[in-house]
Structure formats: C-alpha cells, structure tokens
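Observations on chain architecture
In case you want the letters, here they are:
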Amino acid sequence: MRKSFVLLLIATLSMGTLAGCSSSDSSSSSSSTPAPSASSASSDGSGGSFVDEYGSPTGVVFPLDNAMTYRFHYHARDMYVFDPSWPVFQEMAEITNISLVNTGNIVGTNSVEQFQLQAVDGFPDDLYGGNNITTYFMEYGPDGAFYALNDYWDYLPNFRAYLDDNPDVEAVITAYDGNIYHIPYIQDGDTARTWFIRMDWLDNLGLEVPTTVQELEDVLIAFRDDDPNGNGLKDEIPYFNDKYTEMMRLVNLWDARCYGQDASTERVIPREDGTVYHAWTADEFKTGIYNISRWYDMGLIDKEIFTKGNAARREYLPGDIGGVTHEWVASTSAYNDTAGIDGFHFGVFAPPITENGNQWEEHSRLKVRPDGWAVSHNCKNPEELFAYMDYFFSDYGRIISNYGIEGISYELVDGHPTFTEEVLNGDVAVNTYLESEIGAQLKHGYWMDYDYEYQWTHEVGRAGVDLYNEGDYGVLQMPPLSMTEDQKNVIDNTRANLVAYQDEMTMRWIMGDPDLVYAEWDTYLAECEKLGISQLVNAYQEAYTTYLEIAEQ
Ligand code: CA
C-alpha cells in the first residue's frame, strides 16, 4: 500500500509541474495570506487573488461559467453516504455551479473501514470526507495521496483567515511533514458533560444541592437510605453512568485527572508549563481510586456499572431509580421531557468543591474533531474544489452548514438563523433531521455554531450550559496530536496493553477491598513501567512540544 503512494507521489509531482501549480513553498507562511475581505493580490506570483462578494477568490469566480462535477466519497457515523439531493448541496450547486456526486456505498456499515478500502485503491475519487478519518489524511497525505492545502491558500481565503485567528487549530491539523492536508470539523462551545441530580428527590428529603464533595457523599447516602422516590423500597441507585469509563472520572473529586480529552484511552495530561504526565500513575489518582472503591463498597455507585453498557440513563431515569450522574448536557436534560414521572426534575449542578478547595470540570468539547475532508491527488482540478470547500467557512457557508436552508429548516429572526417549529418539534431529533434530510451538520470540514445546539437543548440543559460557562471550570485538554512515524510506533506498541492492564487493575480495586489500592500500588507502577509507560509519555511529550511550537507561533 505504501509503495503505491510513492508512485502516486511521483506521478502527481510531475503533473503539478506541468499544470504550473502555485507556490511549492510548504512552510505555510500566514503573512502572505489574503484575508477573506482583502482585495490585494497574493505575493506568490500566481496571479490575482481577489475576493468576490461570496468570499471566494476571483481565481475561481462563483458561479462558474461551466458546470463542474466532482466525485465525493462520504461515509459517516456508520450511517450516512452523501446525498446530492440534500438542500444544502442543491444550494451550493446554485451558488458555485459545482455538483458533487456520491461514490460512497453500503449504508449501515463501518465508515472508517469504507474509507480504508479506498486507500487500497489509491483514493480514486476527487474528494474524501467522513468522521474519525483525519488521522489518515495526516498519515497518507505526506505519502502523496492528498493535495497539501498550503499550495492552494489563494483558493482558501476564508479557511486561511480562520487559521490565522486560531493557530491552535492549525497546530492540530498540521501533519508531521509540516503540511496541512484536510479541512476539519471544528466544534464550538465548551460545555460537554455536566453534573446532574434529581432536584425533586432533594426536595422530597428536604436536602440542599450539594456544593462540596463531602456534601455530595452525604446526599448519595441519603438517596441510598431514605427512599427519595417514595415507593417504600430501597431501590435507588445513588450514582450511575452510561459508561463505566465515565464513572472513572469520579477521581476528579479527589483532584486527580482521568482523561486528557474525550476518549477514554487518552490518559496523558498536559500541564500549563508545557510538560505532560500520565494521569493513571499520579499520586492523587491513587487517592481517587481508593475513594471510588470506598463509594462502590458503600453502595453509592451502581453495582452494575461495569456490565450495564449504555443503558443506564435509558432505564434508571424513566425507572425513577437513578439519582446522580455526570453526562452530556443536551441529551441528558432532554429526559426532563421524556421520563414520564410526576415532578421529575433532573437538574444541573456545579462541580463539587474538593477537599483542597478546587472546583473544576475535566470534560470539555474538543475544538477540532477527527472529522473532515480532503482532496485526492487523483483530482484533476483541485483549485475549484478547494474554493468550493472554502465557501463553507464564509458567513453564509457557515449558516447553511449549521442550519440548512432558509424557509426549509430555519427562518431569520432578528437577523439570526432560528430553527422552524417543524425542526424543533418534529418526530426526529434535530441533529438527526439536519444530517439525514437537510445535509447540514455533516461530518465534513465546517465550523459549528454552538447556538445550533443551544436552540434545541432543554431549558434545564441551557441553564446548565450557562452555569458552567459562567463558572469557567475547564482545564487543559490534550489536543489530538499529529505523530511522527516513530512516535506513532511507540504508541501503537504500548498504549493498548497499558490501557488493558490499567482497566483490569482499577476494576479489581473498585470491586474489591479499597485497601487493595494501597497494598498493590507499587506493584502496579512497576508493571506500568514494564509495559512502556515512560516511552509512551515521552512520545506524547515530543508531539505535544511540536504542537505548542506551531500553536504559539
Ligand atoms: Ca425507593
């Protein structure tokens, strides 16, 4: 597979020379980049780079005089392939005179596998997009499979301007060879998971919302013992989670970090000073696991936490037995409408203050998702295609990629796109409807507008988002790092085994006697060392240092 990319690279290099492709300087100097509203010629000698009223460069004037068509392989979320009849892409065809045709197939299968099958064939289509694939763009791009954006900045003025304002995003999407090969899906808004508690249960027992970890423990004990659901049975589950990996974040209550970002295998944490460390061997993590084990023994944590799978919210909330969780704010607050229990109020509360006086929330939304799109080197006319992709970063492009089309999915209210009642109160969830019927909120390269989600979040969830935004409880996240071949090898050789071993040990400690944590901690550290934890952390440190160098330029 690798060999075919080398051949491909040679072929496309000579093609690029013949076609007189613009600047071959790949150092992506941002100073020579035209801003979207600028009307100055570019400095690379490739000709004028004026920006028209649509925010696209006059090198490519939309709508094109002659219609163009590109082959688009889009497979996302194991569910969707591209549908050219989606209103957003009909609108795009009107604006640009460019149409995309679908080449993805087999709906309902693994999207990443579908993408990888294309790699075997050398990415024969023009454009590739989907979710969880951008690491492959950064891996195959340097081998010649995809065009480097930095050779085409003249056709990407809106995206280039976005990167100039957001060097942290540029750092995340820069491949190890210094080039950028894809436009990512960029998220907006920080709040992700928050704390939830049955406010009506607190009322039933005459209790206050807990503000400290000790008060939280006292409330969980009361939920366990004092029949807050009033059915005469001791059937309450004080604390529960949809995933046990999220329950592990309870170590946060003892000032230990658990995950560097959303993924539960990302356990290396960045510090403010630029160094990194492994969360699961830190001293405070030992204290945290000890206390989780103690809570589990006390019956404060769901006894089925390790076996329940994803069904906890779905069963325990309408079942009137779940008391406290830490989960996604939008989907969890929606249970206030659907639980079907009189007086049900599952409200958001601020992160409990730790014994050391700290108040913080570990989980926040990653700015850059590993979703996006890239142009294959088999594409004959990348200029127009890049201009088309760039359009989604213009003001109107951002509106249609988030809200769809005026009169169909939104109306302008006081100049602001506002979803129609049909969208907000339809039979299908808002995000599903936009994705499957409208062609908005697709996992290609665009910039999310958080207000799209806020509009359909339950009022309880909105209050929670406001509370967490005001509190500013966030901590540093580990960005998705672009790894060199060597760093990637280290991680491939160590991480999975380490994660498996750490999961096995912590599960054993939580279900067993809490004192086991202290008895076995040193043996655990030694085994982590044997499994290569120091090499893993070093690889992260190198990649994170490179990231910081680009982000702080
Ligand atoms: Ca009860």
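To be clear, the structure that these remarks concern was listed above.
What comes next is a walk through the structure.

About the cut-offs
- Residues numbered from 1 in each chain as written.
- Predicted model: local features only at pLDDT ≥ 70, side-chain atom pairs only at ≥ 80, totals over all residues.
- Heavy atoms only, no water.
- Salt bridge = Lys/Arg side-chain N within 4 Å of Asp/Glu carboxyl O.
- Phe/Tyr/Trp six-rings, centres within 6.5 Å; stacked < 30°, edge-to-face > 60°.
- Helix = DSSP H or I, 4+ residues; strand = E, 2+ residues; numbered from the N terminus.
- Buried < 20%, exposed > 50% of the residue type's maximum accessible area, 1.4 Å probe, protein only.
- Lys NZ or Arg CZ within 6 Å of the ring centre and 35° of its normal.
- Pairing = 2+ DSSP bridges.
- Contact = heavy atoms within 4.5 Å.

What the rule picks out here adds up to 28 salt bridges. Bridged by salt links that share partners, the residues R193, E246, R249, R257, D262, E327 and E362 form one connected network.

Enumeration over the complete set of coordinates arrives at 50 aromatic pairs. With 5.9 Å between their ring centres and 50 degrees between their planes, F89 and F392 make a pair best called tilted. Taken together, the residues span a long stretch of sequence, with F89 in helix α2 (residues 87-96) and F392 in the loop between α14 (382-391) and α15 (395-403) at a distance of 303 residues. Judged by relative accessible area, which is 4%, F89 ranks as buried. We classify F392 as buried; its relative accessible area is 0%. Following the ring pairs from residue to residue traces out a cluster consisting of F72, Y74, F82, W86, F89, W373, Y388 and F392. Just above the ring of W153 sits the side chain of R160; from NZ or CZ to the centre is 4.7 Å. The cationic tip of R398 hangs over the ring face of W447; the distance from NZ or CZ to the ring centre is 3.5 Å.

Because side chains alternate across strand β11 (residues 346-349), one face comprises the buried residues F346 and V348, and the other comprises G347 and F349, equally buried. Pairing of strand β6 (residues 193-198) with β11 involves four bridges; the strand directions are antiparallel. Paired with W195 across the two strands is F349, which belongs to β11.

The subject of this paragraph is unusual backbone geometry. The omega angle of the peptide bond from F62 to P63 is -5 degrees, so this bond is cis rather than trans. Structurally, P63 is set in the loop between α1 (2-19) and β1 (68-76). The phi dihedral of R77 is positive, around 55 degrees, even though this residue is not glycine. Summarising the element assignment, R77 is placed in the loop between β1 and β2 (80-81). The phi torsion at D472 lies on the positive side, around 50 degrees, for a residue other than glycine. Tracing the sequence through the fold places D472 in the loop between α19 (459-471) and α20 (485-511).

With that settled, consider the pairing of strand β4 (residues 127-130). A two-sided burial pattern is seen for β4, the buried positions comprising L127 and G129 on one face and Y128 and G130 on the other. Strand direction decides the pairing type here: β1 and β4, joined by four bridges, are parallel. Its bridge partner being in β4, H75 is matched across the sheet by G130.

Let us now look at helix α5 (residues 157-165). Of all nine residues that make up α5, seven are buried, and the element is covered over most of its length. Taken together, the buried positions of α5 are P157, N158, F159, R160, A161, Y162 and L163. On its buried side, α5 packs onto α6 (167-173), β5 (183-186) and α14.

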